[in-house]
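One letter stands for each residue in the lines below.
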Amino acid sequence: MSDLPNLTDQISRLRDRNGGSDVVTGRRSIPQKTSKKSGERKLAPDFLMIFIYALVGVALTAQLAIVIWLNLE
């Protein structure tokens, strides 16, 4: 069976490397501020999502009706 690598040594080697990853070195980048345009258009309605929500509503209503109908018998 092969030996498992020592992860601590590998992480230390990556941290000491010049130009290493921001995640490994712990550096954080400051997010850029984005400015909103005042004349920005709203997104168009997503008809696929409206259709899917309608289908889910019909399915839930049908299931509720079936459960109530079966309990009455």
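What counts and how
- Residues numbered from 1 in each chain as written.
- Predicted model: local features only at pLDDT ≥ 70, side-chain atom pairs only at ≥ 80, totals over all residues.
- Heavy atoms only, no water.
- Helix = DSSP H or I, 4+ residues; strand = E, 2+ residues; numbered from the N terminus.
- Buried < 20%, exposed > 50% of the residue type's maximum accessible area, 1.4 Å probe, protein only.
- Areas by Shrake-Rupley, 256 points an atom, 1.4 Å probe, with all protein chains shown as cover.
- Patch = residues over 30% accessible without salt bridge, like charges linked within 9 Å, V, L, I, M, F, W, Y side chains within 5 Å.
- Salt bridge = Lys/Arg side-chain N within 4 Å of Asp/Glu carboxyl O.
- pLDDT = per-residue confidence, 0-100.

To continue, consider the overall build of the protein chain. Within the protein chain, the regular secondary structure consists of 3 helices and 0 strands. Counting only residues that meet the buried cut, the protein chain has 1% of its 73 residues in that class. Surface summary for the protein chain: the accessible area is close to 7,900 Å², and the carbon and sulfur share equals 62%.

With that settled, consider a nonpolar patch on the surface. Taken together, the side chains of Leu48, Met49, Phe51, Ile52, Tyr53, Leu55, Val56 and Leu60 define a hydrophobic patch exposed on the protein surface, amounting to about 790 Å² of accessible area. Along the polypeptide, Tyr53 turns up in helix H3 (residues 47-72). For Tyr53, a relative accessible area of 58% corresponds to the exposed category.

Turning to the confidence of the model for the protein chain, a few remarks are in order. Fine structural detail should not be taken from predicted coordinates in areas where pLDDT scores are low. Averaged over all residues, the pLDDT of the protein chain is 77; the fraction at 70 or higher stands at 66%. Across the protein chain, the secondary-structure element scoring lowest on mean pLDDT is helix H2 (residues 22-25), at 61, and the one scoring highest is H3, at 94.

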